[in-house]
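A structural walkthrough
Single-letter residue listing:
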Amino acid sequence: MIVSMSGADKFNNQQILVVGATGGLGCAIARHLQIEGADLIVSGRDEGKLAALSKEIGGSSLSVDLSGAAGRAQLAEAVGELDGVVYAAGVAPVAPVRYLKDADIEACLNLNTAVPLLLIRELLKNKKLKAGASIVWISSVASARGTAGYAAYAASKAGLEASARCLALELAPKGMRVNCIAPGMIETDMADATAERISDEALAAHLKAYPLGAGQPADVAAATSFLLSQESRWVTGITLPVDGGFSI
Ligand SMILES: NC(=O)c1ccc[n+]([C@@H]2O[C@H](COP(=O)([O-])OP(=O)(O)OC[C@H]3O[C@@H](n4cnc5c(N)ncnc54)[C@H](OP(=O)(O)O)[C@@H]3O)[C@@H](O)[C@H]2O)c1
């Protein structure tokens, strides 16, 4: 029988790492999990934002740049044994390809695709994932739909989802699960920055593609909570769209 918990008992005594917690989605996810009783370790680069979040939700925090091996090793070293890991860090260099710099494309494929995998590798090597741990990576609807200007970003998220499917098979014998969430447009700084780079007409047309309108960070936080919890104990290797019907 699956016991469905809600409220402050859902993640009682569970250690959950939220990476990208200084961002719009990561911050909302951390706040949501704290209300549901998780012991959180939050990570991001911006020390001021991280300090403010830690003060609000408690738990521990580590400011670290994950683009290099040293930062990932530092984070894997700092955490205790984890019940869950949420990877909500990312960059979105959205522009016609002729305007993308080498560094934009490399950083996107590194931070959005390689780093989540390398971080899990470090955590496994350091024995920091408990049997039964749940891993949630934040992807995007862009992984499955062609959009002009999204060539690097879409590739990075499609790669992330492919990687999650393989990792789910590798880790299933340990009872660990790996899933992605593919949000549509959610009102955060990243979405605002992307919207600024396209015309008003293109933005209006894009918003029309959401039968339920644009989403809120809380929508992604609730889906993350489900995939971390025992309510999804028989769910692994999937990408869950959280997109107001965009992908229908
Ligand atoms: N917002 C949307 O509409 C939307 C839709 C679909 C998918 N997504 C995906 O959801 C995830 C979060 O998006 P968001 O809107 O919350 O973005 P955001 O507000 O821009 O946050 C991005 C996060 O990534 C962190 N980060 C960036 N570079 C880093 C590095 N080198 N090392 C460590 N951390 C780094 C940032 O840390 P600092 O700020 O501290 O530097 C921040 O915590 C991303 O993967 C994005 O692709 C977002």
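In short, a report on the structure.

The rules behind the values
Residues numbered from 1 in each chain as written. Predicted model: local features only at pLDDT ≥ 70, side-chain atom pairs only at ≥ 80, totals over all residues. Heavy atoms only, no water. Axes fitted to C-alpha atoms, helices over the stretch in contact; angles between N-to-C directions. Helix = DSSP H or I, 4+ residues; strand = E, 2+ residues; numbered from the N terminus. Parallel < 35°, antiparallel > 145°, perpendicular 65-115°, else oblique. Left-handed = near helix turned anticlockwise from the far one by under 90°. Contact = heavy atoms within 4.5 Å. Nonpolar A, V, L, I, M, F, W, Y, C, P; charged D, E, K, R; others polar. Polar contact = N/O pair within 3.5 Å; in protein donor to acceptor, adjacent residues only side chain to side chain.

1. Brief notes about the packing of helix α4 (residues 102-125) against helix α5 (residues 151-171)
- In contact at an axis separation of 7 Å, α4 and α5 are set at 15° when each is read in the N-to-C sense. Regarding the angle of α4 to α5, the classification is roughly parallel. Where α4 crosses over α5, the two elements pack in a sense that is right-handed. Where α4 abuts α5, its residues Ile105, Cys108, Leu109, Asn112, Thr113, Pro116, Leu117, Ile120 and Leu124 lie against Ala152, Tyr153, Ala155, Ser156, Lys157, Gly159, Leu160, Ser163, Leu167 and Leu171.
- Grouping the constituent residues of the contact of α4 with α5 by class yields 13 nonpolar, five polar and one charged.

2. What to know about the environment of Asn112
- Mapped onto the elements, Asn112 comes out in helix α4.
- In this structure, the C-alpha to C-alpha distance between Asn112 and Asp46, residues 66 residues apart in sequence, is 18 Å.
- Setting aside its immediate chain neighbours within four residues, Asn112 contacts Gly90, Val91, Ala107, Tyr153, Ser156, Lys157 and Leu160.
- Only 3.1 Å separates the side chain of Asn112 from the side chain of Ser156, close enough to count as a polar contact.

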